[in-house]
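A closer look at the structure
Listed here are the chains, written in short residue letters.
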Amino acid sequence: MRKAYQSDLSDEEWSFLEPHLPFPNATGRPKMHSTREILNAVFYIVRGGCAWRLLPNDFPPWKTVYHYFRSWRLDGTWERMHSALRKRVRVRLQRNPQPSAAIVDSQSVKTTGGVGGEKRGYDGGKKVKGRKRHLLVDTQGLVLEVRVHSAKVVDREGIKLLLDPSSSGRLPHLSHLWLDAGYTGQDKGAGWVERTLGWTA
C-alpha cells in the first residue's frame, strides 16, 4: 500500500469517473495495475506539473501510465469524462446540463524554435511567434471546445476550426455566442456563425 497523495481520487470521485472509462480488454495479459491507480498517476502528473519520467516509483511505471493517458486521448475518454463533469457542475449550479450560450476567444502563446512544425506561425496583431489556442466556454467559464493551431491563423478563420459544423451535434442546445471585435467581417466570424450554424452572435 503506497502513501496517499493530495491528487489521489476520493472514493466518491472514483465512483463517478469509473463508468466513463473504457472496459478492460478481455484478451492479452491480465492487468498488473488498477485503472484507479493509473488515473491517480495521471492526476499526480497534471497537478504537480512534473515530467512523466519523474513519476514516483510507488505509482505504476511511467510508460504504462503514459500509454493509458495517450490511448484515452485518442479514443475520446478524456473528452467524455470532461463533458460528464461539466454537466454535473452545471446541474449543481442549477443550470441546464447543456448550455444554450457560449463565449469564444483565442490566445496566442510563444513556442520555442524546435517545437511546433506546421502548428507554429506568427500572429501579427499580438507580435507572437508560436501557437494559438481557440476556446469555447459556457457562461460559467467551463470549457466546451478547444482547438490549437498556428498563431498565424486569424480569429475569423480560427473560429471555423473551433466550431466545425460536422461536430456541432455535441452541443445540441447551443444557439448564441458572444465574440469580440476580432471576429467581425462579412461571412467571417460572426457572419459565418449566423449563416452556417444558424446561431445568433
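Residues numbered from 1 in each chain as written. Predicted model: local features only at pLDDT ≥ 70, side-chain atom pairs only at ≥ 80, totals over all residues. Heavy atoms only, no water.

1. Looking at the environment of V104
Definition in use: Only DSSP runs of H or I with at least four residues qualify as helices, and only runs of E with at least two residues qualify as strands; both kinds are numbered from the N terminus onward. Classification of residues uses two cut-offs on accessible area relative to the type maximum, computed with a 1.4 Å probe and protein chains only: under 20% is buried, over 50% is exposed, and between them is partly exposed.
With respect to the element layout, V104 can be found in strand β1 (residues 101-110). Note on V104: relative accessible area 2%, which makes it buried. Once the C-alpha coordinates of V104 and L144 are considered, the two residues, 40 residues apart in sequence, prove to be 10.0 Å apart.

2. Let's talk about the environment of M81
Rules: Contacts are residue-level and defined by heavy atoms, with any inter-residue pair within 4.5 Å sufficient.
Here M81 is to be found in helix α4 (residues 77-92). Those residues within four positions of M81 in sequence are excluded, and the remaining contacts are L17, H20, L21 and L39.

3. Some words on unusual backbone geometry
Positive phi is not limited to glycine here, since Q94 has a value of about 60°. On the secondary structure map, Q94 appears in the loop between α4 and β1.

4. Some details on the packing of helix α2 (residues 35-48) against helix α3 (residues 62-74)
Going by this rule: In this analysis an axis means a line fitted to C-alpha atoms, helices contributing only their contacting stretch, and an angle means the value between N-to-C directions, from 0 to 180 degrees. Put simply, angles under 35 degrees are roughly parallel, angles over 145 are roughly antiparallel, angles from 65 to 115 are roughly perpendicular, and the rest are oblique. In this classification, the charged set is Asp, Glu, Lys and Arg, the nonpolar set is Ala, Val, Leu, Ile, Met, Phe, Trp, Tyr, Cys and Pro, and all remaining amino acids, among them Gly, are polar.
At a minimum axis separation of 9 Å, α2 and α3 run at an interaxial angle of 90°. Comparing the axis directions of α2 and α3 gives the class roughly perpendicular. Contact with α2, carried on its side by T35, I38, L39, A41 and V42, involves T64, V65, Y68, F69 and W72 of α3 and no other residues of that element. Split into classes, the residues belonging to the contact of α2 with α3 amount to eight nonpolar, two polar and no charged.

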